[in-house]
Amino acid sequence: MAGAALEALMTLQDHDTTLDQLRHRRDHLPEREQLAEAERQLADIDRTGAALGAQRDVVAQRQSEVEAQLAATEGRIAELDKRMYSGTVTASKDLQAMAEEVTHLKGRQSTLEDGVLEAMAEREPFDSELEALAAQRAELDARAETLLAAIAEAEVAIDAEIEAEMAARSSSSAPVPEALMAQYERLRQRLGGVGAARVEHGRCMGCHLDLSATEIDRLKHQGDDVVATCEQCGRILVP
Ligand SMILES: [Zn+2]
């Protein structure tokens, strides 16, 4: 194969290698893994938060029921007090019955007050744990946001490099004959992105194995229409 075509192919290979590296770098930005980790942690927090929230809601519901009963009891006591001291009830039998009811209601009031305090005490650890989770969540959210911005920024920078590299690649591909290009692309796909390799010091730089003396001799004297490939790895050899 004519030297110019092979040299152009080698330049093309260099651009392709750079492009592969750029795409790999774009796909494997460390921030992507960090973002995935932050998202896993956020999902954990949400699961824990939902479970705790449900437990807290049961206690809170009980608290508000007891509070409603307490309010009703206090209302009834106030109403009885008002009637007893209004002077409209005069029969001592009625007054005594009302006093007894007030005594009974005060006992109930005290029990309900204890119930409210108990529910509040039971609820407190849930509330503070949920508060801590919310703080953690906010922190992770901010972190995820920062990572997203860093990823976007890195993508813009890498995309600009890719674009420049693509332009350079397309101008270097012009002197490469179609059949050689097709052979190169097939090899590149099969051999980890490297379809053409230089020969340096009698060694194929694609697989880093020494070429045989016959092979080297053949390379030296090959005609312009022959494409030499490495005996070991099969890559197109560029002398
Ligand atoms: Zn080789």
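Residues numbered from 1 in each chain as written. Predicted model: local features only at pLDDT ≥ 70, side-chain atom pairs only at ≥ 80, totals over all residues.

**Here's the deal with the nonpolar core**
Point 1. Ranked by size, the top nonpolar core spans 17 residues in total, and within it L9, Y184, A196, A197, I236, L237 and V238 carry the most contacts.
Point 2. Of all the secondary-structure elements, those providing two or more residues to this core are helix 1 (3-27), helix 4 (178-190), strand 1 (196-200) and strand 4 (236-238).
Point 3. A total of 4 residues in this core trace back to one element, the largest contributor, which is helix 1.
Point 4. With near-sequence residues (within four places) excluded, L9 lies in contact with V176, L180, Y184, A196, I236 and V238. (Core = buried A, V, L, I, M, F, W, Y, C linked by C-beta atoms within 7 Å. Buried ≥ 20, exposed ≤ 12 C-beta atoms within 10 Å, placed from the backbone. Helix = DSSP H or I, 4+ residues; strand = E, 2+ residues; numbered from the N terminus. Contact = placed C-beta atoms within 7 Å.)

**A closer look at the domain arrangement of the chain**
Point 1. In terms of domains, the chain is made up of domain 1 (27-171) and domain 2 (178-238).
Point 2. Here the C-alpha centroids of domain 1 and domain 2 sit 69 Å apart. (Domains from an automatic or database assignment.)

**Thoughts on the sheet that holds strand 3 (residues 209-210)**
Point 1. If you walk across this open sheet you meet the 4 strands as 3-2-1-4, and the pairing is mixed. The open sheet is flanked by strand 3 and strand 4, the only strands paired with a single partner.
Point 2. Looking at chain direction, strand 2 (residues 203-204) and strand 3 are connected through 2 bridges and run antiparallel. Within strand 3, the residue paired with R203 across the bridge is D210. (Pairing = 2+ DSSP bridges.)

**Observations regarding helix 3 (residues 92-173)**
Point 1. When the terminal C-alpha atoms of helix 3 are compared, their 114 Å separation across 82 residues agrees well with the 122 Å that a helix rising 1.5 Å per residue should span.
Point 2. Of all bends in helix 3, the biggest is about 30 degrees, found at R123, and the proline P125 comes one to four residues later. (Expected span 1.5 Å × (residues − 1). Bend = angle between axes of the 7 residues up to and from the residue.)

**Structural notes on the pairing of strand 1**
Point 1. Sheet topology places strand 1 next to strand 4; 3 bridges connect them, and they run parallel. Within strand 4, the residue paired with R198 across the bridge is V238.
Point 2. The sheet contact formed by strand 1 and strand 2 spans 2 bridges and is antiparallel. Residue pairing in the sheet places V199 in a bridge with C204 of strand 2.
Point 3. As consecutive antiparallel partners, strand 1 and strand 2 are separated by 2 residues, and within that stretch H201 has a phi angle of approximately 50 degrees, a positive value.

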